[in-house]
Each structure stands twice: as C-alpha cells, then as structure tokens.
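Chain residues, written in single-letter form:
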Amino acid sequence: MPTEQLLEQFQSHLAQGNEDFEVQSAFGKTRIVNHPGRAEQILQSEAYQRTSLLTMALGQGLLASDGELWSKQRQKLSPHFGGQLLRDFELHTLKALDSRLARWDQLAGSGQTWEAGEDLSRLTLDVAAGALLSLEGPDLDPVSGAVTEVVTGLGKISATIFAADLNLDPQYLQRLRDSIATLDRFAYQLIERRTQQPLAGYDLLSRLLEGGDLPPVLVRDEIVTALISGHETTSQVVCWALMLLCQHPDVYQLAQAEARSQGADGRLPLIQAILHETMRLYPPVWYMGRRSGQETVVVSPWLIHRHPHHWERPLDFLPQRFLDSAPSSRIYLPFGTGRHVCLGRRQALREGSLILAALLGRYQMRPRNDPRPQGHLTLRHWPPLEMELSL
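Note that the coordinates shown come from a computational prediction; the quantities given were computed from them, not determined experimentally. (Residues numbered from 1 in each chain as written. Predicted model: local features only at pLDDT ≥ 70, side-chain atom pairs only at ≥ 80, totals over all residues. Heavy atoms only, no water.)

1. Some points on the pairing of strand β4 (residues 288-292)
- Sheet topology places strand β3 (residues 49-50) next to β4; 2 bridges connect them, and they run antiparallel. By the bridge assignment, R50 is partnered in β4 with R290.
- Bridge analysis of β4 against strand β5 (residues 295-299) gives 5 bridges, and the strand direction is antiparallel. Looking at the pairing, S292 lines up with E295 of β5.
- Linking β4 back to β5 in an antiparallel pair, the connection comprises 2 residues, with G293 at a positive phi of about 65°. (Pairing = 2+ DSSP bridges. Helix = DSSP H or I, 4+ residues; strand = E, 2+ residues; numbered from the N terminus.)

2. Thoughts on the pattern of salt bridges
- As enumerated under the stated definition, the model contains 27 salt bridges in all.
- Residues D66 and R339 are paired through a salt bridge, measuring 3.2 Å at the closest nitrogen-oxygen approach. Here R339 lies in the loop between α15 (321-324) and α16 (345-362) and D66 lies in the loop between α3 (55-58) and α4 (67-77), a separation of 273 residues in the sequence.
- For D66, a relative accessible area of 13% translates into the label buried.
- For R339, a relative accessible area of 16% corresponds to the buried category.
- Because the salt bridges share partners, they merge into one network encompassing R100, R103, D119, R122, D126 and D141. (Salt bridge = Lys/Arg side-chain N within 4 Å of Asp/Glu carboxyl O. Buried < 20%, exposed > 50% of the residue type's maximum accessible area, 1.4 Å probe, protein only.)

3. Digging into the pairing of strand β2 (residues 28-33)
- Relative to β2, strand β1 (residues 20-25) is paired through 6 bridges, and the arrangement is antiparallel. The residue of β2 that forms the bridge with S25 is G28.
- Relative to β5, β2 is paired through 4 bridges, and the arrangement is parallel. From the neighbouring strand, V33 faces β5, where its bridge partner is V299.

4. Overview of the sheet that holds β2
- Strands sit in the order β1-β2-β5-β4-β3 across an open sheet of 5 strands; the sheet is mixed. Edge positions in the open sheet fall to β1 and β3, since each of these has one partner strand only.
- Contacts from helix α2 (residues 36-44) reach β1, β2, β4 and β5, with the element oriented near 120° to β5. (Contact = heavy atoms within 4.5 Å. Axes fitted to C-alpha atoms, helices over the stretch in contact; angles between N-to-C directions.)

5. Regarding the packing of helix α5 (residues 83-107) against α16
- Two elements in contact, α5 and α16, have axes separated by 9 Å at closest approach and are oriented at 25°. Regarding the angle of α5 to α16, the classification is roughly parallel. Here α5 runs over α16; the crossing is right-handed. In contact with G83, L85, L86, F89, E90, T93, L97, L101, W104 and D105 of α5, α16 contributes R346, Q347, R350, E351, L354, I355, A358, L359 and R362. (Parallel < 35°, antiparallel > 145°, perpendicular 65-115°, else oblique. Left-handed = near helix turned anticlockwise from the far one by under 90°.)

6. Details of α2
- Restricting attention to buried positions, one finds in α2 the residues P36, G37, A39, I42 and L43.
- The inward-facing, buried residues of α2 contact β2, β4, β5 and α14 (301-304).

7. Focus: the nonpolar core
- W114, L242, L356 and M365 are the most contacted members of the largest nonpolar core, which totals 121 residues.
- No other element matches helix α6 (residues 116-133), which puts 10 residues into this core.
- The residues contacting L356, other than those within four sequence positions of it, are V238, A241, L242, L245, I271, I274 and L275. (Core = buried A, V, L, I, M, F, W, Y, C linked by side-chain atoms within 4.5 Å.)

8. A few points about the environment of S65
- By secondary structure assignment, the location of S65 is in the loop between α3 and α4.
- Classification of S65 by relative accessible area gives buried; the value is 1%.
- Taking the C-alpha atoms as reference points, S65 and F322, 257 residues apart in sequence, are found 32 Å from one another.
- Residues in contact with S65, not counting those within four places in the same chain, are R50, Q60, W70 and H340.
- A distance of 3.4 Å separates a polar side-chain atom of S65 from the backbone oxygen of Q60. (Polar contact = N/O pair within 3.5 Å; in protein donor to acceptor, adjacent residues only side chain to side chain.)

The structure is reproduced here in structure tokens:
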C-alpha cells in the first residue's frame, strides 16, 4: 500500500467505529490501538519498547533507544531542556528569521514563488543546530541535504509496519547509505573539534561530552538525533498552520492582528492555540510504534486527535478550543506521552510561534499549490508547500 493511502485507510476505520484494528505486513501483524485509555497504558508501559526501525540512522539516540540505556540518556539530557535552552531557541529563531527577511521581502510582490516547505525546513534546521550544537548556518551546508535524505528514507522504511510498499531501488539505497555516512563524518568531526577546543559557553554537546562517560558513538547518535528531530517536526507544523490559516481568513486576520500588536512580554496566545490546533489535525508525529515480544502495536495521534467520541467537531479547525482549556494528554498527544514524551516540546512550540508571528506580522500569504498529508516518519505535506508573499 502506498504511504499516501495509509491515512485514508486509518480514517476509514475510525469512521466505521473501529478503534482497534490490524494490518498485515511482510513482518507480521501490526495492531493499531486508538482507544485513549489503552493507548496510554501502552505508552506508559516498560513492557512495550520502541521498534528498532530508526536505529539504522539514529543508532541509540534518545529518539530511537529504549530500556536502561534510554533511561540513562534521558536522565543525562533532561536538565538541559530548561529555561536557558528556551531562551537559546528564541534567540536563534529570531536570528534565523532576520537573515531571511531581506530575501523574503524581495519575493513579496515580485510574482515569484516562495518555496515555503523547503525554506522553513532549512530555517528550523539552522535554529536547532544553533541552539543545541552552537553551529552557524554555513556549517550545515554540507549536511542539510543528507538530513533531508535520511528523514525521507527512514519514513519509507518505517512505514512498512503498516504494509506500505517498500520500493527502494539500489541507487536510492546507496544515496541513503551515503547520506548516513555524511552525517557520521560530520558528527565525528564535530566531536573531535569540540574535544580539542571546548566551547566557551554551554550547549547540548557540552552536556554530552561532560564527564567523558559517553563513548563517541553514542555522542554521534545524539548529534544526529538533534539535527533530525530538532527541526523536521517544527517546519511541518508551521507549514500546515499556514495552509489552515489561508483556508480560514477570519482566523488569519485575528492572528495577524495579534502578531502585529504583541506586547513586550512576547505572549502570543492565539498563535500558540493555532499551533496546538494544527498539531491536533496534523500531528507531526502521527504514529508511535511499540513492540512487546512478538506483538507490534501502533498508537496513532492522527486518529486519537480526530476521534468523534472525544472531540467536538473533530475535523474542523477551531483554535479557540485551546484558548478555553487544555485538553487531557490522553486525547491530545502531539509530543507523545508517558515515558517518552518529547523533551523539547516547550522549545518547539515557542520556535513555531515566533516563526508564524514573524510571517503573519509582515506578509500577506496565499498558497500556490494544495499539498496533501503523507504518512512518512513525520506527517509531511506533499508536494512541498509553495506560497505567494506580498507586503
């Protein structure tokens, strides 16, 4: 089954009232669990471990590992994801935006297409690498293409647990191997440079190298994990938010007014609610796979977030629902839940809010194509979003 049909199949099961169902793949049966209570039990239970599909690129990084090793890594890294990192993400987001405004202004009104999907993906990569690894934009030029290639490849491979087709020709597989090798070289060279010339400040890599208790291969795994997970989800969410706002001009106008009048405290309650509602409809992490013994289980936020028993008007874009109250983490889990809840959720939400506010506060935007969701490693828009900007 092609990946673009997966979401349609899942939605069809939900429409028929099938909270739990099975799909048959070449690797056996996969059980899809969408009852919030059962999903929460699975995600909380240590008996259900992450599947091993991501380890081919991420190794034993925090996004792919589980068990005792994951617990030690989580304990080591958790203290770093606090207020200082949130401020670092704010600074690097504003810096990355500032470096692009002149070019975006030139595009505005020129009639040229703004390749929003590609541009925002590189912007969020620059932010993640700057805030987490103290890297500048040009430092990433040799690896930005490799990051994109690996994310795409991992998505195709991981979707096989849903019986998705895996048609990877030898040339594509070689490109994927070459991209992973590029990330390997980049990470090990970064480790060597930082070991020889320690950073004057303190970042995630400083934390990883602190104490010398992690072997280089595990430091490499966390560097690659930071580059991939630290940007892919945020760029996808911002793109989906832009699409939804263009489809709902009344909400667009309210968000634009907030972006243009934000106070000194920088609070953006409506724009943050828009991002939450966007992640409800288009959760960037649209499934979470777990394995216990011979059983493979998948929890899908895509379905739980659209469940008519738990959401009023579940298919409608209603940011107001996130201004009124915070929904239970049993039915709203864009950053996961349980043991593996995303460490960088506060940073990602603030970064996305600042990017969306900068665009809304400065430009009028109109989409030039009509992307559809595709279930890869993240919930991607395809084809990549293209827009027209005007001042």
